[in-house]
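Chain by chain, the residues run as shown.
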Amino acid sequence: MLVLIDNANIYEIERLYSMYPYDGVTTNPSILMNERKNPIKVLQSIRDFLPKSSQLHAQVVSESTEQMIEEAHFMLREIDEQLFIKVPVTAQGMRAIHLLKQEGINITATAIYTAMQAFMAAKAGARYTAPYVNRLDNMGADGVQVAMDIHTMFRANNMEADVLAASFKNSQQILNLCKHGIGAVTASPDVLDALIHHDATFTAEENFTQDFYSLVSEVTGLHFKEKESRKIN
Ligand code: E4P
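Residues numbered from 1 in each chain as written. Predicted model: local features only at pLDDT ≥ 70, side-chain atom pairs only at ≥ 80, totals over all residues. Heavy atoms only, no water.

### A look at the packing of aromatic side chains
Where we set the bar: Centre distance within 6.5 Å is the pairing criterion for rings of Phe, Tyr and Trp, where only the six-membered ring of Trp is used; planes under 30 degrees apart are then read as stacked, over 60 as edge-to-face, and the remainder as tilted. Two conditions define a charge located above a ring, namely a distance within 6 Å from the ring centre to NZ of Lys or CZ of Arg, and an angle within 35 degrees of the ring normal.
All chains considered together, the criterion is met by six aromatic pairs. In textbook terms, an aromatic cluster arises when at least three aromatic residues are bridged by ring pairs, as seen for Tyr 17, Tyr 20, Tyr 22 and Phe 49. Cation over ring: Arg 127 sits above Tyr 128, and NZ or CZ is 4.6 Å from the ring centre.

Here's what the structure looks like:
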């Protein structure tokens, strides 16, 4: 399961990549709006920073098929020809997915709220489909189940598409999808931090360190304060 960062802040992306080898970055127009900068320049600097093997996904904002395609071409020219173009699964979007696929362009179908929308988008040519897990949960539906259903449909129909589940508010939602073997998830930095951090791990590491320096004191007769002792590492 690929794990991507759903954010456009270069400092956050650099911070996360310094700790863990993530698989890429996804953005949407609202995420880009948070940066208050030229969105193309923001996407270019993210692309420049990312390793070549990492994916970058960016969304079109036009409503008509023709304009979506024009916008996709512009982004591919300005940012990267391997960019994943996110296209919302409106009727116009479905047609854009079909036409962009014929050009060999990487497509992520987005704003997915039903399993059938994902199925139709994949049939039209989307490589990834992005169901909005937490937004579905907030509507009284089961977002994790929708994402798992999509994955099952793709495998049952031998389709070359994967779920890129999006919109998470907690790590439990991601755990459930990981157990089901879905293709990819994208989550905000706070949710990604929560996938790794556990207070008990921190405490265990502190205790091991304390024990080790107690042993060093015992056998050498030297006494280290915790902070001083850490300096010798
Ligand atoms: C991804 O395609 C979506 O743009 C994004 O993950 C939505 O997340 P949100 O529901 O937290 O806004």
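### A closer look at the layout of surface pockets
For clarity, the threshold we go by: Cavity and pocket criteria rest on a 1 Å grid covering protein atoms alone: a 1.4 Å probe that fits but cannot get out defines a cavity, protein on both sides within 12 Å along at least 5 of 7 lines defines an open pocket, and an atom within 4 Å of a point defines a lining residue. Grid points are joined across faces, edges and corners, and a volume is the space filled by probe spheres set on the points. Each residue gets one label: Ala, Val, Leu, Ile, Met, Phe, Trp, Tyr, Cys and Pro are nonpolar, Asp, Glu, Lys and Arg are charged, and the others, such as Gly, are polar.
A volume near 270 Å³ is recorded for the largest pocket. Along the walls of the largest pocket sit 18 residues, with Asp 6, Asn 28, Ile 31, Arg 135 and Ser 167 positioned nearest its centre. Partitioning the lining of the largest pocket into residue classes produces six nonpolar, eight polar and four charged.

### Observations regarding the environment of Asp 142
Where we set the bar: Helix and strand labels come from DSSP, where a helix needs a run of H or I of at least four residues and a strand needs a run of E of at least two; each type is numbered from the N terminus. Categorising residues by exposure relies on relative accessible area from a 1.4 Å probe, with only protein chains included: less than 20% of the type maximum marks a residue as buried, more than 50% marks it as exposed, and the intermediate range marks it as partly exposed. Under the rule applied, a polar contact is a pair of N or O atoms within 3.5 Å (in protein, one hydrogen donor and one hydrogen acceptor; residues adjacent in sequence only if both atoms are side-chain atoms).
Mapping Asp 142 onto the fold places it in the loop between α7 (133–138) and α8 (143–156). A residue is classified by how much of its surface remains accessible, and Asp 142, at 43% relative accessible area, is partly exposed. Within the structure, Asp 142 has its side chain in polar contact with the backbone nitrogen of Val 144 (distance 3.3 Å). Among the polar contacts made by the side chain of Asp 142, one reaches the main-chain amide nitrogen of Gln 145 at a distance of 3.1 Å.

### Things to note about the packing of helix α6 (residues 115–124) against α8
Condition: Every axis corresponds to a line fitted to the C-alpha atoms, with the helix fit spanning only the stretch in contact, and the corresponding angles, defined between N-to-C directions, vary from 0 to 180 degrees. Crossings are sorted by hand: turned counterclockwise from the far helix by less than a right angle, the near helix makes the crossing left-handed, and turned clockwise it makes it right-handed. The contact rule is simple, with two residues in contact once any of their heavy atoms fall within 4.5 Å.
Remark: α6 packs on α8, axes separated minimally by 9 Å, with the N-to-C direction vectors making an angle of 35°. As α6 runs across α8, the sense of the crossing is right-handed. On the side of α6, the interface is formed by Ala 115, Met 116, Ala 118, Phe 119 and Ala 122, while α8 contributes Val 146, Asp 149, Ile 150, Met 153 and Phe 154. Taken together, the residues of the contact of α6 with α8 break down into nine nonpolar, no polar and one charged.

### Some thoughts on the pairing of strand β3 (residues 55–59)
Keep this limit in mind: The pairing criterion is simple: DSSP has to find at least two bridges between the two strands.
Where burial is concerned, most of β3 is hidden: five out of the five residues are buried. With three bridges joining them, strand β2 (residues 24–26) and β3 adopt parallel strand pairing. What sits directly across from Thr 26, in β3, is His 57. In this sheet, strand β4 (residues 84–88) lies alongside β3 in parallel orientation, the contact comprising three bridges.

### Overview of the sheet that holds strand β7 (residues 162–165)
Strand order in the closed barrel formed by eight strands is β1-β2-β3-β4-β5-β6-β7-β8, and the pairing between neighbours is parallel. Neighbour-to-neighbour, the strand axes of this sheet turn through a mean angle of 25°, independent of strand direction. Lying on the sheet, α8 is in contact with β5 (107–112), β6 (128–131) and β7; it crosses β7 at an angle near 165°. Sitting on the sheet, helix α10 (residues 189–196) touches β1 (2–6) and β8 (184–187), and the angle it makes with β1 is about 140°.

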